[in-house]
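# Geometric and topological summary
Residue-level listing of the chains:
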Amino acid sequence: MGRRTKFVDSDILIVGGGFGGCGAAYESRFWGRDLKIVLVEKANVERSGAVAQGLSAINCYMGMQWNENQPEDFVRYARGDLMGLVREDLVYDIARHVDSSVHKFEEWGLPIIKNPQTGRYLREGKWQIMIHGESYKPIAAEAARKSANEVYNRIMVTHLVMDSAKPNRIAGAVGFDVRNGDFYVFRAKAVIVGAGGASHIYRPRSVGEGMGRTWYAPWSTASAYGLIIPTGATMTQMENKIVLTRFKDGYGPVGAWFLLLKSHATNAAGEFYEKDRYPEIKARVGHYVDIQPMPTCLRNHAMLEEIKAGKGPIYMHTQKVLDTKEKEEIGWEDFLDMTIGQAVVWAAQNIDPKETPSELITSEPYVMGSHATCSGAWASGPEDCAPADYQWGYNRMTTVQGLFGAGDTIGGSAHKFSAGSFTEGRLAGKAAVRYVMDMKSDMPRVDDDHITRLREQVFKPMENYRVGRNEIVAGTVAPGYINPLQGLQRLEKIMDEYVGGVSMFYVTNEALLNRGLELLQMLTEDFENIGAEDLHQLQRAW
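Along each chain, residues carry numbers from 1 onward, in the same order as the chain's sequence is written. Given that this is a predicted model, residues contribute local features only at a pLDDT of at least 70 and side-chain atom pairs are listed and counted only at 80 or more, while totals for whole chains, interfaces and linings are drawn from all residues. The basis for every side-chain value is the complete set of non-hydrogen atoms in the structure, without hydrogens or water.

## Some details on the overall build of the protein chain
Helix and strand definitions follow DSSP, with helices as H or I runs of at least four residues and strands as E runs of at least two, each counted in order from the N terminus. When helices and strands are tallied, the protein chain shows 16 helices and 15 strands. To get the radius of gyration, use the C-alpha atoms; to get the globule rule, take the number of residues to the power 0.38 and multiply by 2.2 Å. Taking 542 residues into account, the globule formula puts the C-alpha radius of gyration at 24 Å, and the protein chain, at 23 Å, falls close to it. Burial here depends on accessible area, computed with a 1.4 Å probe over protein chains only, as a share of the maximum for the residue type. Under 20% is buried, over 50% is exposed, and the range in between is partly exposed. A buried classification covers 56% of the 542 residues belonging to the protein chain. In what follows, a contact means two residues having at least one pair of non-hydrogen atoms within 4.5 Å. A fraction of 75% describes how many contacts in the protein chain between residues 6 or more apart in sequence connect residues 24 or more apart. Per-residue and other accessible areas follow the Shrake-Rupley method at a 1.4 Å probe size, with only the shown protein chains counted as cover for residues. For the protein chain, the accessible surface area stands at approximately 22900 Å², while carbon and sulfur atoms represent 52% of it.

Pasting the structure below:
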């Protein structure tokens, strides 16, 4: 088909240009001055990843320079919110280094809002600081671009490649240019995966005219796991789905409203349902209900039980806290900085937050490793504080030699958010440099025949379409293949109805899961015949 195959060699290959990838590029250059560092991103690193359109707050900052919090405090917080299911060594490692990352962001030009009384960063909550975050991602991206020898934008990485000479060792990755279709083979001594977690595996609440609107970035399509799992790397807590309480229909965040503006939520009758449901939750989970703040999953449980009891909608009483012009600006800017769709929903539904409350609802489930959840690869911890069986030589290296991760990729380390993901990327970058230097001239080998087979596999959806396009009826229906949207909608329906989605109030059981597995197996077989009419659809297919 006239597509060229291009080979790119490097010492360290970074897959994904979000905050984890940007941190990895920056730190790899600091410690590996003479190494060749290559960053590959499926979009454009300037505006890619979960922070692409900005943020209104940095949610992971200790404030150790003012003795506001210590890393040990953050470990207790993360452990409490996840009800004990965290890797304390990984959480501690991020917490002790994250402040330095935030200080770099400010040095590079990020406007961090100051408290006029104290001169310190303005706190939204115990761990959060307020920022003017429209430029947040471009600032991190600039540091990555200056650090990497080469940045390849618009390259969709589809597979990691293993060493053909030594088992269980990484050798690089392959992918294609989403603009011209060129096939890329990236050969590397070490690979750091900073790709995104999983949106759109569950059917979202926003359907019809709202289709495509999600809480987490819609372009985060589980590449972190789709790349890592086929290598044989050990994974952890992949059953740990995250569900968020958000403003209804626009997925607007609630943190600033609860923590900074001190708003509160009630049921439709104005009753404080969390307090009322305390005895029932206490009987179910014991002392976990007394953790402050109450774990995310328990707060969600209280809301869902209230709705099932017929006491909804649940309202955030914005009208009771917007008593000054300054607070009103904070409320609107919170959305305009990072969730513009929520401001649009308010306007479309004639909601003035100064006059009327707004509905809250829980989101569809997501699978990720950087927010209040711990899904991802099992990784080696820091040598100075990880238990002996939790570390095997190089920090943030998976159970595959030379394969590192950061952000959504690494499991067990919840609540890292943007600054923590950047920090974890830095930790992975430093460790990857040490790994490469220890390897010296021991370059992994890539099997040419395997690369040829991968190329055929990558472009197979376009061949499926070419062969079957003449049989299309009704615009999109074809007997010989399914298109990416049809496959996505089948996946979302199965996950929603059998694996605990919103239509089932997040409940499943063994029989439902087994039936879901049967349907997923059929879908997997049909995905062998997925068709893509152009490179854009090919990217969606992968």
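From this point on, the discussion continues.
## Some words on the state of the cysteines
Disulfide: a covalent bond formed between the sulfur atoms of two cysteine residues. The criterion for a disulfide is a pair of cysteine sulfur atoms lying within 2.5 Å. Throughout the structure, instances matching the rule amount to zero disulfides. You can see cysteine 60 has no disulfide; the closest cysteine sulfur is in cysteine 374, sitting 13 Å from it. There is no disulfide at cysteine 385, and the cysteine sulfur nearest it, in cysteine 60, is 15 Å away.

## Observations regarding the pattern of salt bridges
Should their charged atoms come close, side chains of opposite charge can pair. Salt bridge, as applied in this entry: a Lys or Arg side-chain nitrogen positioned within 4 Å of an Asp or Glu carboxyl oxygen. For the structure on display, the rule yields 39 salt bridges. For arginine 277, the salt bridge identified is with glutamate 306, shortest N-O distance 2.5 Å. Of the two residues, arginine 277 sits in the loop between α7 (273-276) and α8 (278-285) while glutamate 306 sits in helix α9 (residues 296-308), which places them 29 residues apart along the sequence. On the basis of relative accessible area, arginine 277 is assigned to the buried category, the value being 17%. For glutamate 306, a relative accessible area of 2% gives the class buried. Across the pair aspartate 290 and lysine 282 runs a salt bridge whose closest N-O atoms are separated by 2.6 Å. Among the residues examined, aspartate 290 registers a relative accessible area of 36% and is labelled partly exposed.

## Topic: the packing of aromatic side chains
Between 30 and 60 degrees the pair is tilted, below 30 it is stacked and above 60 it is edge-to-face, where a pair is any two Phe, Tyr or Trp rings, Trp via its six-membered ring, whose centres lie within 6.5 Å. All chains considered together, the criterion is met by 32 aromatic pairs. Relative to phenylalanine 422, the ring of tryptophan 108 has its centre 6.2 Å away and its plane inclined at 70°; by these criteria the two rings are edge-to-face. With tryptophan 108 in the loop between α3 (88-107) and β4 (129-133) and phenylalanine 422 in helix α12 (residues 417-439), this residue pair connects regions lying 314 residues apart in the sequence. A relative accessible area of 26% places tryptophan 108 in the partly exposed class. Relative to tryptophan 346, the ring of tryptophan 332 lies with its centre 5.1 Å away and its plane at 80°, an arrangement referred to as edge-to-face. With tryptophan 332 in helix α10 (residues 325-336) and tryptophan 346 in helix α11 (residues 340-348), this residue pair connects regions lying 14 residues apart in the sequence. Relative accessible area serves as the criterion here: at 26%, tryptophan 332 is assigned to the partly exposed category.

So, to be careful, I would describe these as geometric facts and stop short of saying anything about function.
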